[in-house]
Structures are given as C-alpha cells and as structure tokens.
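Letter by letter, the chains look like this.
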Amino acid sequence: MNSFGVRFKFTSFGESHGLAMGCVVDGMPAGVKFDFDFLQDMLDRRKPGQNQFSTPRKEMDKAQVLSGVFKGYTTGTPISVLVYNENTHSKDYEKDIFRPAHADFTYYHKYSIRDYRGGGRASARESVARVAAGAIACMLLKEFGIEVMSGVFGVGDIDSKLSNDEFDFDYAKNSEVYALDKNLEQKLKDEILKAKKGKNSIGARVFTRVKNPIKGLGEPLYDKLDGKLAYAIMGINAVKAVEIGSGIQSSYMCGSQNNDELKDGVFLSNHSGGILGGISNGDFIDIKTYFKPTPSIFLPQQTQNIQGENIIYELKGRHDPCVGVRGSVVVNAMVAICMADVLLLNASSKLSSLIKIYK
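The model shown is predicted, which means the values in this text are computed figures rather than measured ones.

**Examining the nonpolar core**
No. 1: Ranked by internal contacts, the top residues of the largest apolar core, which has 73 residues, are Phe8, Ile136, Val335 and Met339.
No. 2: No other element matches the 16 residues that helix α8 (residues 323-346) contributes to this core.
No. 3: The residues contacting Phe8, other than those within four sequence positions of it, are Val25, Asp26, Met28, Ala133, Ile136, Ala137, Leu140, Ile337, Ala340, Asp341 and Leu344.
No. 4: One finds Phe153, Phe169, Leu180 and Phe207 within the second-largest nonpolar core, a separate group that totals 7 residues.

Written as structure tokens, this is what we have:
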C-alpha cells in the first residue's frame, strides 16, 4: 500500500528517478498555521549531498505546496506537496542484474516489471514524501505542545553510554551525523568514513522521544500506539528492529524491576516507554530504531541476473555509507504522523468530547 494513517492520512507517489516525488495529506484540520519554513527545514535535514557522510547525489528538494493551504492556514482539504527530482543518473544502474540485498529481486518477482532506475519505488528517495507529511503532522502536534525529537546514538561498534535522559537533541540538530552525544560525534564520523573508504557501509541506531504526549492516545486492541509506531517505523527502508521503552532488556528483567511505579501522579521510571496497554500514559514515549548497513556497497559481490545466471557484480552509482543518519529524520517524521493520527482518533473516544464540540 502507498498510504498510511486512519484520520491523519498521507499517500506518497513517485519513483527515485522519475519526474518528481510527493505526497497528499488528508485529514489535517482547518485553521492550523502552516509553517512553510519548517517544512523546508525538515526536507533540508533529509536531503542528500549535504556532506561526506551522505550520498553525493545532490537534490535541492524544494517543496511546492499545491493545495490545502490559504493565506498561511490549512483549509481542511487535502494538502499536496511536490518535490522534483533534478539530479538522476539512471545510466549507473544495470537493467538485468539483481543488486545484492536490494528490493530489485522481490519487486521483480511480485510485479514482473523491472524499474532499474535507482530502485524505483523501493528507493529510500521515497522517504522525502514521508518527511513532508511528517512536517505537516508536526504543525498539528505543536498546537498541543507535543514535540518529536530524534538523533543517532550509535554507528557500527560505537554506542553512546549516555542514558535516554542525557541525550542532547539540540546538539543533534546541528551535528553533521545528528549525534545525540557530543563526546561521541567524531567517533561516529570516523566509523562512517572508515566504512566509506573501504567501499563498504555501516549500520546505525536512532533514538526518538515524544515529549509532552497527551494521556489516552492509542487504541486498546488492534491499533495499539506501540504497535502502530513499530509498524510505521518498520516500513522505513533499511529498518530491521524497533524497541519501545526498555524493549529487549525487559525480557531479562523481573516484574519488580520492569514495573514503573507511580507516586504523586508521576511515574518513577519509564521502562514502558510511555505506553501502557497500547495507550499513552503521559510520560515520554521513547523509541530506539535499528538500521542495517546500506546494501549499496562498492565491493565485488555474488548475485544473479534476470536470466538466472550467476555473476560477480560491482555496484555503480551514488549511495549513503550510513543510511541511518538521514534515516533518523524519516523516523522522526513517521512518529509524528502516528501521533497526529492517534490525536485525531482520540477526539471521538468519549461522548463528553463530542458534546463539547456540538453543544
């Protein structure tokens, strides 16, 4: 599917080497102040070619808002955002060869059509649409004081020893690799450049926090907030695992260690990651996302072509040595979209809420 969300919903369109990428956001309430500068800033944080830690492909990624905004405010109608592709090199891609660890193989066997141009619809280039939709979601969340923040806390074998509460999101905003630990930034950079110099790639780990979430967001059974977040994040290119709160570590604990005790209206710990029974409890929503190494590497690899012949293939093109760096911006966007969606869904969960609106 190419759409995500129930009440706050977006549909993305376009291919990596097509004319343009874009999205249509439906369900945004009327009367929200539309921040064009914020939208462009988020796209700029994701755009390629900014430094030696991302792909050399340079795209301006200038957003054009085609509908849904009038005199600086949302109108309640679908918001369309278009971003043109201006720097494609389709000649770098082989028509008949399946690139190792890419979606070329599975897309071909599903659709029997081979769009070899940079991975087509399966390319991470599609994430520009998610970031645009996520920026719009943030505009709605801002009206309620809800903020989503993300950054990188680990690359390869290098991990920050800081606790979740010690991560510096303000520092990450100005870091070339969105590092949450300023004392670790250079080591993260060195790890990425080492992989790049070796014609290789490296994995990364991203931490995301939702600040000031309203209590009661999320559905109790089949659309739990933690399930919705995991579903959204796992749909991002190269993501292989997601943790909420203590995540995997909670499986090593006793209940007495993992339970978040409550005193004077405050939770004394946050192993739950701000979600109980699939519903937000008002504490920080803490998420860790794990990105695999970019599959596009420049070392000779064994693969096959469409005819089924075994070949040794050496990749061409322009690729991120660590997809998790720019991926952190995409995670932030998808979390914001989830939060906007459950915010709107919750508006009709009680009769008293409806009475306030209609009486």
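Read on, since the account is not over.
**A word on the pairing of strand β18 (residues 310-313)**
No. 1: Here strand β17 (residues 301-304) runs beside β18; their pairing, made up of 4 bridges, is antiparallel. Across the sheet, residue Gln304 finds its bridge partner in β18, namely Asn310.
No. 2: Counting the residues that bridge the hairpin from β17 to β18 gives 5 residues, and of these Gly308 lies at a positive phi of roughly 85°.

**A closer look at the UniProt feature "binding site: NADP(+)" (unreviewed entry) in the protein chain**
No. 1: Feature annotation in UniProt assigns "binding site: NADP(+)" (unreviewed entry) to the following positions: Arg46.
No. 2: Mapped onto the elements, Arg46 comes out in helix α1 (residues 36-46).
No. 3: Each residue touching Arg46, except ones within four places of it in the same chain, is listed here: Asp61, Ala124, Arg125, Ser127, Val128, Val131, Arg326, Val329 and Val330.

**Description of the sheet that holds strand β3 (residues 20-26)**
No. 1: Taking strand neighbours across the sheet as the criterion, the 5 strands line up as β1-β2-β3-β7-β4 in an open arrangement whose pairing is antiparallel. The open sheet has two free edges, formed respectively by β1 (3-4) and β4 (64-67), since each of these has just one partner strand.
No. 2: Both β3 and strand β7 (residues 79-84) contribute to a ladder of 6 bridges, which runs antiparallel. For Ala20, the partnering residue across the bridge sits in β7 and is Tyr84.

**Points about the environment of Ala101**
No. 1: If you trace the backbone, Ala101 turns up in the loop between β7 and α2 (104-111).
No. 2: Note on Ala101: relative accessible area 58%, which makes it exposed.
No. 3: Along the chain, Ala101 and Thr294 lie 193 residues apart, while their C-alpha atoms are 9.0 Å from each other.
No. 4: Aside from chain neighbours lying at most four places away, what touches Ala101 is Lys292 and Pro295.

**Let's talk about the packing of aromatic side chains**
No. 1: Applying the stated criterion across every chain, the model contains 8 aromatic pairs.
No. 2: Measuring from centroid to centroid gives 5.7 Å for Phe98 and Tyr108, while their planes differ by 55°, and the two rings are tilted. With a gap of 10 residues between them, Phe98 in the loop between β7 and α2 and Tyr108 in helix α2 connect regions that are remote in the sequence.
No. 3: One aromatic cluster is present, formed by Phe153, Phe167, Phe169 and Phe207 through successive ring pairs.
No. 4: Across from the ring centre of Phe153, 5.0 Å away, lies the NZ or CZ of Lys288, which sits over that ring.

**Section: the sheet that holds strand β9 (residues 158-159)**
No. 1: Pairing in this open sheet of 5 strands is antiparallel, and the strands run β9-β8-β10-β16-β11 from one edge to the other. Of all strands in the sheet, those with a lone pairing partner are β9 and β11 (239-244), marking the two edges.
No. 2: Relative to strand β16 (residues 285-291), strand β10 (residues 204-211) is paired through 7 bridges, and the arrangement is antiparallel. The partner of Val206 across the bridge, within β16, is Thr289.
No. 3: The sheet contacts of α8 involve β8 (147-155), β10 and β16, and relative to β8 the element is tilted by about 150°.

**Regarding helix α5 (residues 185-197)**
No. 1: Along its 13 residues, α5 runs 18 Å from first to last C-alpha, staying within 8% of the 18 Å computed at 1.5 Å per residue.
No. 2: Looking at α5, one finds that the buried residues are Glu185, Leu188, Lys189, Glu191, Ile192 and Ala195. What you see down the axis of α5 is that its buried residues fit within an arc of 160°, all on one side. Across from the buried face of α5, at angles greater than 90 degrees, the exposed residues are Lys187, Lys194 and Lys197.
No. 3: Close packing links the buried residues of α5 with β8, β9, α4 (169-174) and α8.
No. 4: Just downstream of α5 lies Lys199, where phi reads positive at about 60°.

Cut-offs used in this document
Residues numbered from 1 in each chain as written. Predicted model: local features only at pLDDT ≥ 70, side-chain atom pairs only at ≥ 80, totals over all residues. Heavy atoms only, no water. Core = buried A, V, L, I, M, F, W, Y, C linked by side-chain atoms within 4.5 Å. Buried < 20%, exposed > 50% of the residue type's maximum accessible area, 1.4 Å probe, protein only. Helix = DSSP H or I, 4+ residues; strand = E, 2+ residues; numbered from the N terminus. Contact = heavy atoms within 4.5 Å. Pairing = 2+ DSSP bridges. UniProt positions renumbered as here; feature names shortened; annotations may be inferred. Phe/Tyr/Trp six-rings, centres within 6.5 Å; stacked < 30°, edge-to-face > 60°. Lys NZ or Arg CZ within 6 Å of the ring centre and 35° of its normal. Axes fitted to C-alpha atoms, helices over the stretch in contact; angles between N-to-C directions. Expected span 1.5 Å × (residues − 1). Arc of directions from axis to C-beta.

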